[in-house]
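# Inside the fold
Each chain, written out:
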Amino acid sequence: MSDGQDGRRGGGHDGRRGERQRPPARERSAQHRSSLAPSQRSRQTDLSRLAAYGVMRDVSDGAYANLALPKALRDRYIHGRDAAFATELVYGATRLRGLYDAVVSDAAGRSVDKIDGAVLDTLRLGAHQLLGMRVPAHAAVDETVALARQVNGAGAAGFVNAVMRRISERERDEWVRRVTATAGDALEALALETSHPLWVVRALRAALVGHGTVTPDDVDASLTTLLESDNTPPLVSLVARPGLSTVDELVAAGAYRSDTSPVGATWPEGDPGDIEAVRDGRAAVQDEGSQLLALALAAADVTGDAAANERWLDLCAGPGGKAGLLAALAVGRRIPFVANEVSEHRADLVWQTLAAARAWAREEGVDLEVLEADGREAGTYEPGGYSRVLVDAPCTGLGALRRRPEARWRRRPEDVATLATLQRELLGSALTATASGGVVGYATCSPHLNETTFVVDDVVKHRDDVEIVDARELFVDSAGRPLGSLGTGPSVQLWPHLHGTDAMFFTLLRKK
Ligand SMILES: C[S@@+](CC[C@H](N)C(=O)[O-])C[C@H]1O[C@@H](n2cnc3c(N)ncnc32)[C@H](O)[C@@H]1O
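As annotated in an unreviewed UniProt entry, the chain carries the name 16S rRNA (Cytosine967-C5)-methyltransferase and comes from Terracoccus luteus. Quoted straight from UniProt, the Sequence similarities (unreviewed entry) entry for the chain says "Belongs to the class I-like SAM-binding methyltransferase superfamily. RsmB/NOP family."

If you want it as structure tokens, here you go:
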């Protein structure tokens, strides 16, 4: 491996190591570039940047960063700090693409539509090093130019050099002031500064008010904090599947007990796959919001036929996160459990996720089944056959943007209407499957009003056999206290900036 490819040269990202503070803009300016020896000017960039660039291209072609990146790191044997650096490059440059594209466009003197897509990805990575990381300006410029020369060609490298130098002349705050100065109004400026599409900002603002989380007077401060939290990588949350593992076991393995979820823990650093309970499928990585929803459904009162004959259904189970927790709770109570999923591949994932619960169910003689069917029909196979049904509906995922860096740029406003139709049908099917006195939990990882309260209200409006139950009292923290900031009810809306969870929505409906 050449010196230029091991990621440890002075001009590489290791320049961050000794640096505690960002140096002033003048020092950070790319003027240092001229002091480089000609031999250094033609060298290649490091493996981390090269891998990050490859993933950016894959993501531009439709791949998911959370799948493409681990593969790229594995293929290139990139580990440890170099892997962390590549991860920050890809995730940061992708999340903050809205802001960086405005900066690049200003610095290049042309719209980003007029810049070749591959070159633009190189510039996004460069902009993130300059404006979002602690990479010294000279290293950021040199490495980005070296990358451009290697992957975009010599002609493009000259252009990249000019744009990167211009970007390096201003600090991030100055750039934000400059590019937001042309925004039409305060919301557009906020969208640009926090790098969200404007329609997403509008939808989140409406959701904060519509779910009763804040009043219209307070919404703007809350919205800013929410959007900023979308740009902050979440901590790794673990779930101890009850009866299979315990939070104490996870704590003994090095995790911290969660304040939020009674079955949750936080994994501070490293690969959670190193934990024995996670390897065995007795515990898993899972957002605490998802844990709270599953616990709430399991804790709800059921009466009548449903109470006499408990049987649970997860109608949209893939890849199996909530099913994993629900199945453990069900087997512990000797209650039959069915996990349904429409996609074959995702049904396979559910099967794997439930391996530990399936083994336990076999020992206990409890029925645990994975079904591969369209949930719109699966609910009609056995009308009134279930006491508790979860509809964790396919949705835009606008509540999980901090996990999926490219999602905000992929989703379109028109997706909401298509999904809302499917969501109504799935909820209707779930209600058909539910016995009298039983409950349906309708959940989304989106707070968008059109996917949440509007869906539920619309379905309920057309039926006389269902009522909405206040779900807030079912949400308790790890000390058994009611969870705060749940809005005005009866539905529950969780938020990353208030609860540290994804923005999960949950309504509980009872079948009369
Ligand atoms: C939000 S995800 C569910 C996440 C899952 N509950 C978990 O916690 O891991 C929605 C799932 O619904 C599935 N889905 C989409 N359309 C469906 C349908 N018509 N019937 C059943 N499942 C469907 C998707 O394939 C996806 O796996």
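## Let's talk about the sheet that holds strand β1 (residues 236-240)
Read across the open sheet, the four strands follow the order β2-β3-β1-β4; overall the sheet is antiparallel. Two strands bound the open sheet, and with one partner strand each, they are β2 (256-257) and β4 (283-285). Pairing analysis gives three bridges linking β1 to β4, with the strands arranged antiparallel. If you follow A240 over to β4, its bridge partner there is A283.

## What to know about the UniProt feature "domain: SAM-dependent MTase RsmB/NOP-type" (unreviewed entry) in the chain
Residues given the UniProt feature "domain: SAM-dependent MTase RsmB/NOP-type" (unreviewed entry) here are residues 211-512. In this annotation, residues 211-512 is assigned 38% helix and 19% strand; the end-to-end C-alpha distance for the span is 25 Å.

## Details of the site of the ligand
G321, E341, R346, G375 and D392 are the nearest of the 21 residues found near the ligand. Within the backbone of G318, a nitrogen or oxygen atom sits 2.9 Å from an oxygen atom of the ligand. In the complex, the protein chains occlude 86% of the 600 Å² of accessible area that the ligand would expose alone. Tallied by class, the residues present in the shell around the ligand amount to ten nonpolar, five polar and six charged.

## Things to note about the pairing of β1
Burial within β1 is extensive, with four of its five residues counted as buried. When β1 meets strand β3 (residues 264-267), the two strands line up antiparallel, connected through four bridges. Residue pairing across strands places L238 opposite A265, the latter belonging to β3.

## Describing unusual backbone geometry
Looking along the chain, the bond that leaves G318 and enters P319 is cis, with omega of 0°. By secondary structure assignment, the location of P319 is in the loop between β5 (312-314) and α18 (321-332). For Y77, which is not glycine, the phi torsion reads 55° and is therefore positive. One can find Y77 in the loop between α4 (65-75) and α5 (80-95). We classify Y77 as exposed; its relative accessible area is 67%. Backbone geometry at R334 places phi at a positive 55°, although glycine is not the residue there.

## Structural notes on the UniProt feature "active site" (unreviewed entry) in the chain
Here the UniProt feature "active site" (unreviewed entry) sits at C445. On the basis of relative accessibility, which here comes to 15%, the residue C445 falls in the buried class. C445 has contacts with C395, G397, L398, G399, A400, R404, A503 and M504, leaving out every residue within four places of it along the chain.

## Some details on the environment of F337
As for its position among the elements, F337 is in strand β6 (residues 337-341). For the pair F337 and A361, spaced 24 residues apart in sequence, the C-alpha separation works out to 9.6 Å. If sequence neighbours within four positions are ignored, F337 has contacts with W312, D314, A323, L326, A327, A330, L354, D367, L368 and E369.

## Remarks on the nonpolar core
Core analysis: the largest hydrophobic core is formed by 56 residues, its most contacted members being V90, V104, L125 and I167. Not counting residues up to four positions away in its chain, the partners in contact with L125 are R49, A52, Y53, M56, L89, V90, A93 and L147. Of all hydrophobic cores here, the second largest spans 52 residues; its members include L292, L326, V350 and A435.

## Observations regarding helix α11 (residues 186-193)
Considered for burial, the residues of α11 that qualify are L187, A189, L190 and A191. Those residues of α11 that are buried are in contact with α10 (172-180), α12 (198-210) and α13 (219-230). Capping the start of α11 is the job of one residue whose side-chain oxygen sits 3.2 Å from the backbone nitrogen of L187: D185. A positive phi of about 60° marks S195, the residue just after α11.

## Section: the pairing of strand β8 (residues 386-392)
By the criterion of burial, β8 is predominantly enclosed, with seven of the seven residues buried. In this sheet, β8 lies alongside β5 in parallel orientation, the contact comprising three bridges. Looking at β8, one finds that L313 is bridged to V389. Taken together, the six bridges between β8 and strand β9 (residues 434-444) define a ladder with parallel strand orientation. If you follow V391 over to β9, its bridge partner there is Y442.

Conventions and cut-offs
Residues numbered from 1 in each chain as written. Predicted model: local features only at pLDDT ≥ 70, side-chain atom pairs only at ≥ 80, totals over all residues. Heavy atoms only, no water. UniProt positions renumbered as here; feature names shortened; annotations may be inferred. Pairing = 2+ DSSP bridges. Helix = DSSP H or I, 4+ residues; strand = E, 2+ residues; numbered from the N terminus. Near = heavy atom within 4 Å. Polar contact = N/O pair within 3.5 Å; in protein donor to acceptor, adjacent residues only side chain to side chain. Areas by Shrake-Rupley, 256 points an atom, 1.4 Å probe, with all protein chains shown as cover. Nonpolar A, V, L, I, M, F, W, Y, C, P; charged D, E, K, R; others polar. Buried < 20%, exposed > 50% of the residue type's maximum accessible area, 1.4 Å probe, protein only. Contact = heavy atoms within 4.5 Å. Core = buried A, V, L, I, M, F, W, Y, C linked by side-chain atoms within 4.5 Å.

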